[in-house]
Amino acid sequence: MPDNNKELTLSAPLSGPVLTLANVPDAVFASGAMGDGIAIDPLNDTLYSPCAGVVIHVARSSHAVTVRADNGAEILLHLGLDTVELNGEGFAMLVKESDRVSLGQPLLRYDLDKVGQHCKSLVSLLILTNSADFQVRPITLKAVKVGEPLLHVIARNTVAANTEGAGGPEASGQVRVAHRGGLHARPAALIRQTAQGFNSQSELHFNGKSAPCNSLIGLMGLAIGEQDEVQVSCQGPEANAALQALLSALATALPDDHHAQAPVSTAPLKRPVEAGVLHGVCAAPGLVAGPLFRLNAMTLPTDAGNHDPAQQQQIFEAALNAVRSEIAATLAQAKKHKNADEEAIFAAHMALLEDPALLDAAQQFIAQGTAATHAWSQSIDAQCDMLQGTGSALLAERANDLRDLKQRVLRALLGEAWQYEVPAGAIVAALELTPSDLLQLSAQGVAGLCMAEGGATSHVAILARGKGLPCLVALGAELLDQPQGQAVVLDADGGRLELAPNAERLAEVQQAQTERQRRRESQQAKAHLPAETRNGVHIEVVANVASSSEAADAFANGADGVGLLRTEFLFVDRQTAPDVEEQRAAYQAVLDAMGEHSVIIRTIDVGGDKQLDYLPLPAEANPVLGLRGIRLAQARPEILDQQLRALLQVKPLHRCRILLPMVTEVDELLHIRQRVDQLCLEMGITQRPEIGVMIEVPAAALQAEQLAEHADFLSIGTNDLSQYTLAMDRDHAGLAARVDALHPALLRLIAMTCEGAAVHKRWVGVCGALASDPLATPVLIGLGVSELSVSPVQIGEIKDRVRQLHQAECQRLSRDLLKLSSAAAVRHACHQYWPLP
Ligand code: PEP
Ligand code: MG
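Keep in mind that this is a model prediction, so the values were computed, not measured.

1. Some remarks on the confidence of the model for the protein chain
In the predicted model, the protein chain carries a mean pLDDT of 86, and 91% of its residues have values of at least 70. When the criterion is pLDDT under 50, residues 158–165 qualifies, and its contacts beyond four places in sequence or with other chains add up to 13 contacts. Here residues 256–270 scores under 50 on pLDDT; set against residues more than four positions off or in separate chains, the count is 33 contacts.

Okay, structure coming up:
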């Protein structure tokens, strides 16, 4: 792309694999706090200028240099991580401040070996330090050579001006919008992201109005509903490709579009009249009692105007940057914990914070002498009014996300500490809470939430459900008149906030809460004892863990051992594979955390959609049906070999059992058993550890008898077994309720596995999520399972459940379940036969 005053293509300053900032092992760079950019793991020893420009800064310790490009973009080139600590050792800076440099000119040479040995990592950064003025778009995320195109840098005012047309080929088309609930925040964010991937200016047209695809607010403001027909127009060198991509993005509903279901009308509720009770809409279920705690919204004093625009603009940008890095940190956490809802919500917030409609309006107010605080406030309020004026309940609820950003930026501008002190156990009342409020309140241990406004489909409602916090919305303004500290009952299931519960009612709710608590305590008190059924059959209740600290938790909670150590934790989110010694130490730490108990360690189950940065594998059309689990180990035998060597060194070895994931035929097991035998011989080990097979594809269940002939035990992975038996993606939000391992077909496969194992007197465990479901405990025992591997917090609960059961009765009744018509029918029958407390 030719450079002009607004756009610039940066060339690779180093050769090597490219990483996104999120993958850089440094919290500050990864959070984007220093600015947007990209990273390279360098293979060469010279850093070259990625563009023509002027050197504006050279680090005293010669490990970093900043170049200002001719379009004003300031590019920090930072070699390695924590390299400042080398005090210049191993670096030779080839330029000085104020030097004019040309594209590809060598800037800095370094001793690859010396620096590599002494720094945390050689991963080097290219960061746009004035990201508020420029947007970056990576051109490639593959390995690059010096001088190859790496990143587009676009001035933000270019983005805002995109609607003015830039010439070039034009393309247009029309399409029916398939997104549930229309073009609300997340689909709009997807459209924006799609449009950004092309060198084209794209617009949507609907109902006589138009909006540029780079403005989330503009797109939402069109109030496009589900099945509405819209026009798309694109102009620029990639107009055709952009059009096709946009048409397809508009016509394909987001798979997990459950957020948009059942919109709650913003029209006044027809409230039942009941003295002392406010009626609202349930956004997250539950029944709790506690003191009401009123949260007040932030108010601004009146602004006299006449401020210095340059100074206000600077303050404003600093505040925006601060909020961007806060949100980036929340996003990184959500990603780490695989919290898809939280990730999607805060990704949309990040996009809103870059929205030209919002920023331009605020900047215009600032230019007229308004204070940054009031400029931002007015800009948000105008957009909220616009969204509320669309007549769409769903879009009106998105105004809450804007108000969230309003508060966050105001707090950053006013320097007010972003903290509420709310007592644990309180029921929080507010006009409307925002997603950021909710994260903070949940961390403070509040018991429930209620809002005068808001809707059950708002982002805050999704988060409340995810955190198990009872939540009522749309309770009306009266909520805000209630006195601080008043005892209330929040009956979210019934849609009621009881403002004056009598002593009897309070006692009843508190008793239910106490009863739950008491039951938990009594279960915990007996959690360290073995679990036997009423007729004396011992069931091992062990834990699923992914690290030694989780193992220590499991031990403290009474686990009889570890039933599944997922070893992927050692291999992911890093730049190089762990060596044998690192692995040995990690496995040993898990054994050490478990006292005298056994630990079942599963060999690595990556591949498919779980990629390792240092192990490039071809992209898969169907990742879950591709190279994963034991199949990957066969394609890359050195990985499994290293892991087996590490496992064979733990002490005492008899406490370690090896488990193989995704086995589909007996030969896979025989092959690995043979390899383990060879390694034992080589390492002078006389007693091979036990080897088990995971039953997580139907082929393995159908061949359980043949597998059990050569395996020491079988462990059923019901998560994958459900996915592969029912042909339903285990992570598909729309199918979540149907991916139920209590489906009669799954129960038949479990029964078949136990029968096959019994022929060779092998034991069978369950390590999938079904083992943690107390409703399933009698069924699994009835079908012949003798080990349940559950989440550490549930050890006491599942042991307690085992102690209530009689094996013969479980056997008799569970046989009947195999003939039922659906998972729902099985669940219903389980509730009848073995009611939960
Ligand atoms: C399973 O599939 O049930 C299982 C325990 O393995 P994972 O969830 O790690 O795929
Ligand atoms: Mg699995």
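Having seen it, we continue.
2. Let's talk about the site of ligand 1
Neighbouring ligand 1 are 13 residues, the closest being Arg566, Arg602, Gly717, Asn719 and Arg730. Interatomic distance of 2.7 Å between a side-chain N/O atom of Arg566 and an oxygen atom of ligand 1. In this structure, Asp720 approaches ligand 1 through a main-chain N or O atom, which is 3.0 Å from an oxygen atom. Protein chains bury 96% of the 290 Å² of accessible surface belonging to ligand 1 in isolation. Listing elements by their share of the shell around ligand 1, those giving two or more residues are β28 (562–566) and α22 (718–726). Here the residues of the shell around ligand 1 are counted per class, giving 3 nonpolar, 4 polar and 6 charged.

3. What to know about the sheet that holds strand β4 (residues 46–48)
Note: strands within a sheet are paired through backbone hydrogen bonds, in either parallel or antiparallel orientation. Spatially, the 3 strands line up as an open sheet ordered β4-β10-β8, and their pairing is antiparallel. The open sheet is flanked by β4 and β8 (91–93), the only strands paired with a single partner. Averaged over all adjacent pairs, the angle separating strand axes in this sheet is 20°, with direction ignored. Two elements, β8 and strand β10 (residues 106–110), share 3 bridges in a ladder whose sense is antiparallel. Pairing of Phe91 across the sheet is with Tyr110, part of β10.

4. A few points about the domain arrangement of the protein chain
Assigned domains within the protein chain: domain 1 (8–162), domain 2 (170–256), domain 3 (263–295 + 423–520), domain 4 (309–414) and domain 5 (536–833). Spacing between the C-alpha centres of domain 1 and domain 2 amounts to 34 Å.

5. Looking at the coordination of the magnesium ion (ligand 2)
Within the protein, the magnesium ion (ligand 2) binds to Glu696 (OE) and Asp720 (OD); these donor distances fall in the range 2.1 to 2.2 Å. One end of the pair, Glu696, is in the loop between β31 (691–695) and α20 (698–702); the other, Asp720, is in helix α22, with 24 residues separating them in the sequence. Looking at Glu696, the relative accessible area reads 2%, which means it is buried.

Rules behind the numbers
- Residues numbered from 1 in each chain as written.
- Chains lettered and ligands numbered in written order.
- Predicted model: local features only at pLDDT ≥ 70, side-chain atom pairs only at ≥ 80, totals over all residues.
- Heavy atoms only, no water.
- pLDDT = per-residue confidence, 0-100.
- Contact = heavy atoms within 4.5 Å.
- Near = heavy atom within 4 Å.
- Polar contact = N/O pair within 3.5 Å; in protein donor to acceptor, adjacent residues only side chain to side chain.
- Areas by Shrake-Rupley, 256 points an atom, 1.4 Å probe, with all protein chains shown as cover.
- Helix = DSSP H or I, 4+ residues; strand = E, 2+ residues; numbered from the N terminus.
- Nonpolar A, V, L, I, M, F, W, Y, C, P; charged D, E, K, R; others polar.
- Pairing = 2+ DSSP bridges.
- Axes fitted to C-alpha atoms, helices over the stretch in contact; angles between N-to-C directions.
- Domains from an automatic or database assignment.
- Donors = N, O, S within 2.8 Å, 3.2 Å for Na, K, Ca; no water.
- Buried < 20%, exposed > 50% of the residue type's maximum accessible area, 1.4 Å probe, protein only.

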